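Spelled out from the first residue to the last, the chains are:
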Amino acid sequence: MEILTKKPSTKGPAEMFTGDVWFDVIAQGSEPSRMRVNMVRFAPGARTAWHCHAVGQTLHVTEGIGLVQSRGGDVVVMRPGDTIWTPPGEWHWHGAAPDHFMSHLAMWEGPAEGQGPESEWGEHVTDEECNAR
Ligand code: MN
């Protein structure tokens, strides 16, 4: 058994996020595990850019009110207790509602040996896209 002391929080880089987003690494598996778990905290209106994950991603909202959208779909409200699965390669974004903080756990898998990147990142999400609901 090992008790891991908390590492410093990391600011989400501006290339991948709009607004203030901070994450804490909860778990990062060592090979053969590729487990990745982050606690991610979004300030009101903050959000990821459009992106997708090679083997999908599970989000679990722990606090606040969030928004999530898959490419071509509606902007959907997510609340504490909600779990959202985005399948492999499905482009999406997630973030806080404009007037609420939001925290979620993000669970995905790191890159497999000899395969491509675990996530692919695209353009930022505009205010118009966020407000289209
Ligand atoms: Mn994602």
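Quick look at the structure, then. Just so you know, these numbers come straight off a predicted model, no measurement behind them. (Residues numbered from 1 in each chain as written. Predicted model: local features only at pLDDT ≥ 70, side-chain atom pairs only at ≥ 80, totals over all residues. Heavy atoms only, no water.)

1. Side note on the packing of aromatic side chains
- In total, this model carries one aromatic pair according to the counting rule given.
- Against the face of Trp50 rests Arg71, its NZ or CZ located 4.2 Å from the ring centre. (Phe/Tyr/Trp six-rings, centres within 6.5 Å; stacked < 30°, edge-to-face > 60°. Lys NZ or Arg CZ within 6 Å of the ring centre and 35° of its normal.)

2. With respect to the side chain of Thr48
- Tracing the chain through its elements places Thr48 in strand S5 (residues 47–48).
- For Thr48, a relative accessible area of 1% gives the class buried.
- In this structure the side chain of Thr48 is engaged in a polar contact, spanning 3.5 Å, whose partner is the side chain of His51.
- Apart from the residues lying within four places of it in its own chain, the contact partners of Thr48 are Met16, Phe17, Phe42, Trp93, His94, Trp121 and Val125. (Helix = DSSP H or I, 4+ residues; strand = E, 2+ residues; numbered from the N terminus. Buried < 20%, exposed > 50% of the residue type's maximum accessible area, 1.4 Å probe, protein only. Polar contact = N/O pair within 3.5 Å; in protein donor to acceptor, adjacent residues only side chain to side chain. Contact = heavy atoms within 4.5 Å.)

3. Digging into the nonpolar core
- In terms of nonpolar packing, the biggest core is built from 15 residues, with Val21, Phe42, Met78, Ile84 and Met102 touching the most fellow members.
- Contributing elements (two or more residues each) for this core: strand S4 (35–42), strand S7 (57–64) and strand S12 (102–109).
- Examining the composition of this core, we find that three residues originate from one element, S12, more than from any other.
- Excluding anything up to four places from it in sequence, Met78 contacts Val61, Gly64, Ile65, Gly66, Leu67, Val68, Ile84, His94, Gly95, Met102 and His104.
- Within the second largest apolar cluster, eight residues are counted, among which are Ile65, Leu67, Trp93 and Ala97. (Core = buried A, V, L, I, M, F, W, Y, C linked by side-chain atoms within 4.5 Å.)

4. Overview of unusual backbone geometry
- A cis amide bond, omega 10°, links Glu31 with the succeeding residue Pro32.
- For Pro32, the location among the structural elements is in the loop between strand S3 (21–28) and S4.

5. Considerations on the environment of Asp74
- Looking at the element boundaries, Asp74 is found in the loop between strand S8 (66–70) and strand S9 (76–78).
- Once the C-alpha coordinates of Asp74 and Cys130 are considered, the two residues, 56 residues apart in sequence, prove to be 10.0 Å apart.
- Not counting chain neighbours up to four residues away, the residues in contact with Asp74 comprise Val68 and Gln69.

6. Comments concerning the pairing of S3
- In this sheet, S3 lies alongside strand S1 (residues 10–11) in antiparallel orientation, the contact comprising two bridges. Bridging from a neighbouring strand, Lys11 pairs with Trp22 of S3.
- The turn joining S3 and S4, which pair antiparallel and follow one another in sequence, is formed by six residues. (Pairing = 2+ DSSP bridges.)

7. Considering the pairing of strand S10 (residues 83–86)
- Burial of S10 is one-sided: the residues Ile84 and Thr86 facing one way are buried, the residues Thr83 and Trp85 facing the other way are not.
- Looking at chain direction, S7 and S10 are connected through four bridges and run antiparallel. Across the sheet, the residue bridging to Gln57 is Thr86, located in S10.

8. Regarding the pattern of salt bridges
- The full count for this structure, using the stated rule, is six salt bridges.
- Where Asp24 meets Lys6, a salt bridge forms, and the shortest distance between an N and an O atom there is 2.8 Å. A residue pair is termed long-range when its members are at least 10 positions apart, and Asp24 in strand S3 and Lys6 in the segment before S1 qualify at 18 residues.
- On the basis of relative accessible area, Lys6 is assigned to the exposed category, the value being 62%.
- For the salt bridge of Arg41 with Asp24, the shortest nitrogen-to-oxygen distance reads 2.9 Å. (Salt bridge = Lys/Arg side-chain N within 4 Å of Asp/Glu carboxyl O.)

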